[in-house]
Amino acid sequence: MDHFLYRDGALFAEDVPVSEIAAQVGTPFYCYSTATFERHFRLFDEALEGTDHLICYAMKAASNQAILKTLAALGAGMDVVSGGEYARAKAAGVPGDRIVFSGVGKTYDEIHAALTGGIRQFNVESEPEMAVINKVALELGVRAPITVRVNPDVDAKTHAKIATGKSENKFGIPISRAREVYAHAASLPGLEVIGIDVHIGSQLTQLEPFRLAYEKVAALTEELRADGHNIKRLDLGGGLGIPYERSNEAPPLPVEYGAMVKETLGHLNCEIEIEPGRLIAGNAGIMVSKVIYVKEGEDRKFMIVDGAMNDLIRPAMYEAHHDIVPVVEAEPGTEPQAYDIVGPVCETGDTFAKARNMSPVAPDDLIAFRSAGAYGAVMASEYNTRPLIPEVLVNGDQFAVIRRRPTFDEMINRDTIPEWL
């Protein structure tokens, strides 16, 4: 469920007409719903009720500080994967003891910043990384809390580019080597081993891959405890999918996921961390764009809009589907037409949909790309010297621009011309 609904044929974001935002902000833009963010966070919190748990929002899905503050106010922790995300979380007022640092390539400087600024734990992905964390911790005279990310070799049955739990993926250490790696970690004086981390991929639409991975983690927990390790925290990652196509069967609900977590891991008396990103943010955002032209091709119609692949790259990068809807509904009985919906970037890949049936459109009509709250604005670029588009947050009958559109001068003036030119 989200809070982007039609009233009398007009699309609203909570209690604000989307067309009103477009008139004030210009197109294209991202629009987020506070109520949807809050609802989705609470669904996870309620799903894990009765367990000691922390929901660490995966910032890579959408990282504007207004979003982070909204979730932090509900008690969310943050899962970060870079020094920049760590700095954003801190700037948004998230305390270090609610920030988990993931990622395969943590640098010396990033580790140093987290240990000096406060960190809940590092999810360690390799023995070389472990050595660097130990080195920094000893230099600072502290012990760094760590989990080790194990790769359970489980097929997440998702897109190949977002699967992370197979043996050929770059993430974590093979679960078959876990006891050896944990023994090495325990020998390093700058490290405090506190738990296990696992994450098998994104946009999972079935519970079975999670179950297989968590059963392996449960067995490993017992083995590591028998070896003398104090395993008190299990970081289960994120990955639960959302329904991008409303006509398709919906992925499992958070309450079903929570029941499975309790069933497979509840007997271990560990604190549970989960790192949802897409399910919290995905349906909390739309991208609004304006039709520039309708072009008649040889055997198709092209709807050319002012949003482009640099604004929303998921269709070009992942062949991803987004429902695309008019901001003002057509009159009942209007016959739909098939359009290839494309942007103005000079790439054939700048295509959002092919042969998509929609009510007829004309120049200056507004359309909305649903389920664009996750991996939309954060993956945007300035390709073709196109400005990053605004982000807008709605709260009831109010809205605010939480990232403005830069001017061309601001973009161009970031360049530095060498003195010999």
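A brief report on the enclosed structure follows. (Residues numbered from 1 in each chain as written. Predicted model: local features only at pLDDT ≥ 70, side-chain atom pairs only at ≥ 80, totals over all residues. Heavy atoms only, no water.)

**Here we look at the packing of helix H8 (residues 208-226) against helix H9 (residues 254-265)**
At a closest axis distance of 9 Å, the pairing of H8 and H9 adopts a crossing angle of 30°. Judged by the angle between their axes, H8 and H9 are roughly parallel. Every pair of crossing elements has a handedness; the one defined by H8 and H9 is right-handed. Between H8, through Phe210, Arg211, Tyr214, Glu215, Val217 and Ala218, and H9, the contact on the second element is made entirely by Tyr257, Met260, Val261, Glu263, Thr264 and Leu265. For the contact of H8 with H9, the class distribution of residues is 8 nonpolar, 1 polar and 3 charged. (Axes fitted to C-alpha atoms, helices over the stretch in contact; angles between N-to-C directions. Helix = DSSP H or I, 4+ residues; strand = E, 2+ residues; numbered from the N terminus. Parallel < 35°, antiparallel > 145°, perpendicular 65-115°, else oblique. Left-handed = near helix turned anticlockwise from the far one by under 90°. Contact = heavy atoms within 4.5 Å. Nonpolar A, V, L, I, M, F, W, Y, C, P; charged D, E, K, R; others polar.)

**Focus on helix H6 (residues 127-140)**
Across its 14 residues, H6 extends 20 Å between first and last C-alpha, which sits within 8% of the 20 Å expected from 1.5 Å per residue. Among all positions of H6, only Glu129, Met130, Ile133, Asn134, Val136 and Ala137 are buried. Around the axis of H6, the buried residues are gathered within 165° of arc, so they sit on the same side. Where H6 is buried, its residues meet helix H5 (108-117), strand S8 (121-124), strand S9 (144-151), helix H7 (178-186) and strand S11 (191-197). For H6, the capping residue at the N-terminal end is Ser126, with a side-chain oxygen 3.2 Å from the backbone nitrogen of Glu129. (Expected span 1.5 Å × (residues − 1). Buried < 20%, exposed > 50% of the residue type's maximum accessible area, 1.4 Å probe, protein only. Arc of directions from axis to C-beta. Polar contact = N/O pair within 3.5 Å; in protein donor to acceptor, adjacent residues only side chain to side chain.)

**A short note on H9**
Under the 1.5 Å per step criterion, the end-to-end length of H9 is 16 Å for 12 residues, consistent within 8% with the ideal 16 Å. Taken together, the buried positions of H9 are Pro254, Tyr257, Gly258, Met260, Val261, Thr264 and Leu265. Projected down its long axis, H9 carries its buried residues within an arc of 160°, all on one side. Exposed positions of H9 whose direction lies more than 90 degrees from the buried face are Val255 and Glu263. Considering only its buried residues, H9 is in contact with helix H2 (34-47), H8, strand S12 (233-235), strand S13 (271-274) and helix H10 (278-281).

**What about the sheet that holds strand S2 (residues 10-13)?**
Reading across from one edge, S1-S2-S3 is the order of the 3 strands in this open sheet, with antiparallel pairing throughout. The open sheet terminates on both sides in strands that have one partner only, identified here as strand S1 (4-7) and strand S3 (16-17). With 2 bridges connecting them, S2 and S3 associate as antiparallel partners. The partner of Phe12 across the bridge, within S3, is Pro17. (Pairing = 2+ DSSP bridges.)

**Focus: a nonpolar patch on the surface**
A contiguous nonpolar patch, built from Ile417, Trp420 and Leu421 and spanning about 460 Å² of accessible area, is present on the exposed surface. Tracing the backbone shows Ile417 in the segment after helix H12 (408-412). You can call Ile417 exposed: its relative accessible area is 60%. (Patch = residues over 30% accessible without salt bridge, like charges linked within 9 Å, V, L, I, M, F, W, Y side chains within 5 Å. Areas by Shrake-Rupley, 256 points an atom, 1.4 Å probe, with all protein chains shown as cover. Salt bridge = Lys/Arg side-chain N within 4 Å of Asp/Glu carboxyl O.)

**A look at the pattern of salt bridges**
With the rule as written, the count across this model stands at 21 salt bridges. The salt bridge partner of Glu273 is Arg120, with a shortest N-O separation of 2.6 Å. With Glu273 in strand S13 and Arg120 in the loop between H5 and S8, this pair connects stretches of sequence that are 153 residues apart. Taking the relative accessible area as the measure of exposure, Arg120 reaches 13% and is therefore buried. With a closest N to O distance of 3.7 Å, Lys301 and Glu296 form a salt bridge. A single network of salt bridges, built from pairs that share partners, joins Arg120, Arg233, Glu271 and Glu273.

**Some thoughts on the packing of aromatic side chains**
One pass over the structure, following the stated rule, counts 8 aromatic pairs. Plain terms: the ring middles of Phe210 and Tyr214 are 5.9 Å apart, the flat faces sit at 40° to each other, and that makes the pair tilted. With a gap of 4 residues between them, Phe210 and Tyr214 both fall in helix H8, about one helical turn apart. For Phe210, a relative accessible area of 1% puts it in the buried group. (Phe/Tyr/Trp six-rings, centres within 6.5 Å; stacked < 30°, edge-to-face > 60°.)

**Brief notes about the side chain of Thr70**
Take Thr70: it is sitting in helix H3 (residues 65-72). Residue Thr70 is classed as buried on the basis of its relative accessible area of 15%. Here Ala66 takes part through its backbone oxygen, which lies 2.8 Å from a polar atom of the side chain of Thr70. Ignoring sequence-local partners within four residues, the contact set of Thr70 consists of Thr34, Glu38 and Leu393.

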